[in-house]
Amino acid sequence: MTNMMKKSVLGVMVLGMTVAGAGGVYAGTNLQKITAYLNGSLDIQVSGSHFTAKDGNGNKLSPITYNNTTYLPVRAVSDALNVPIVYDAATQQVRIGTGTTAAVVDVTYTAAQIKAIKAAFAGFDGFETAYAPTLMNKGDAFQKAVGTGDGVNLVFSHMIVNVSPRDYSDGYESKEVTLSNGVKAKWYTPSDVPMLSFQLDDRIVTISSPDQMVSKAQLEKIAVGVAKLK
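Residues numbered from 1 in each chain as written. Predicted model: local features only at pLDDT ≥ 70, side-chain atom pairs only at ≥ 80, totals over all residues. Heavy atoms only, no water.

Looking at an unreviewed UniProt entry, one finds the chain named Copper amine oxidase-like N-terminal domain-containing protein and attributed to Paenibacillus terricola.

Next up, the structure:
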């Protein structure tokens, strides 16, 4: 999709209804009540493919028609166009596009967290070396390491990093991207949440943001920082 097309689409996106995590923040501010219509019959096409906007829980979001103008959910559309978006609650700003400050910061693990991560990997023969992201979205926080049937989930408040010998993208339609370090990765969507998958040494790393608070652009930056845990 061209930059002009992206600007045209982004220009009609409503901000108040769909920046994930922003609901309730606007209470007591300069809100004005209106009468609008949910336009569920509108067929949205992104780069020639049908697009269904969904919130962070996978619920369908219908476009809104108001005064002969159609408004689309900003978070869902920005992800579909792979355009970064950041909501700053302190300043009540929504920043979209290449000028966006997509705040990705270093992760600092405590000694106890490092011990827990290594313990989760130690349960797998031949797969004991621990890997973890060294970057995360600003405001996010590491929660826990969970061993699964064939890998480890590193759970943050707004993202999950899965490290496994298995490629979960098999059988799903995917879109290849090249990360900033030259590594080939691919996006695929098995259900409602986009997944970014790539090979790192002898394992497959899959990163996602279940509540979609971390954009695709940010997840691609975070992916570059996944490394052996020291």
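Engineer: Looking at this structure, I do not really get the sheet that holds strand β12 (residues 142-147). What am I missing?
Structural biologist: Strands in a sheet are paired, the pairing made by backbone hydrogen bonds, and the direction either parallel or antiparallel. Spatially, β12-β13-β14-β18-β17-β16-β15 is the arrangement adopted by the seven strands of the open sheet, whose pairing is antiparallel. Single-partner strands in this sheet number two, and they are β12 and β15 (174-178). Strand-to-strand, the axes of this sheet are offset by a mean angle of 20°, without reference to chain direction. Inspection of the sheet shows β12 paired to strand β13 (residues 152-156) by five bridges, in the antiparallel sense. Within the sheet, the bridge partner assigned to Lys-144 lies in β13 and is Val-155. Here helix α3 (residues 111-122) sits on the sheet and contacts β12, β13, β14 (160-164) and β18 (203-208); the angle it forms with β12, its principal contact strand, is near 20°. (Pairing = 2+ DSSP bridges. Helix = DSSP H or I, 4+ residues; strand = E, 2+ residues; numbered from the N terminus. Axes fitted to C-alpha atoms, helices over the stretch in contact; angles between N-to-C directions. Contact = heavy atoms within 4.5 Å.)

Engineer: Looking at this structure, how should I read the confidence of the model for the chain?
Structural biologist: In low-pLDDT segments, the atomic positions of the prediction should not be examined closely. Mean pLDDT over the chain stands at 82; residues scoring 70 or higher make up 80%. Confidence over residues 1-26 falls short of pLDDT 50; this stretch has 50 contacts with residues more than four positions distant or in other chains. (pLDDT = per-residue confidence, 0-100.)

Engineer: Explain the nonpolar core here, please?
Structural biologist: In this structure, Ile-117, Phe-198 and Ile-207 are the most contacted members of the largest nonpolar core, which totals 34 residues. Discounting chain neighbours no more than four positions away, the residues touching Phe-198 are Leu-179, Val-183, Lys-184, Ala-185, Arg-203, Ile-204, Val-205, Ile-207, Ala-223 and Val-226. (Core = buried A, V, L, I, M, F, W, Y, C linked by side-chain atoms within 4.5 Å. Buried < 20%, exposed > 50% of the residue type's maximum accessible area, 1.4 Å probe, protein only.)

Engineer: Help me understand the packing of aromatic side chains in this model?
Structural biologist: The description of an aromatic ring pair uses the distance of the two centres, along with the angle that the planes make with each other. One pass over the structure, following the stated rule, counts five aromatic pairs. Geometrically, the ring pair formed by Tyr-109 and Phe-142 is edge-to-face, given 5.3 Å between the ring centres and 80° between the ring planes. Remark: Phe-142 occurs in strand β12 and Tyr-109 occurs in the loop between β9 (104-106) and α3; sequence separation between them is 33 residues. Judged by centre distance (5.8 Å) and plane angle (25°), the ring pair of Tyr-172 and Tyr-188 falls under stacked. (Phe/Tyr/Trp six-rings, centres within 6.5 Å; stacked < 30°, edge-to-face > 60°.)

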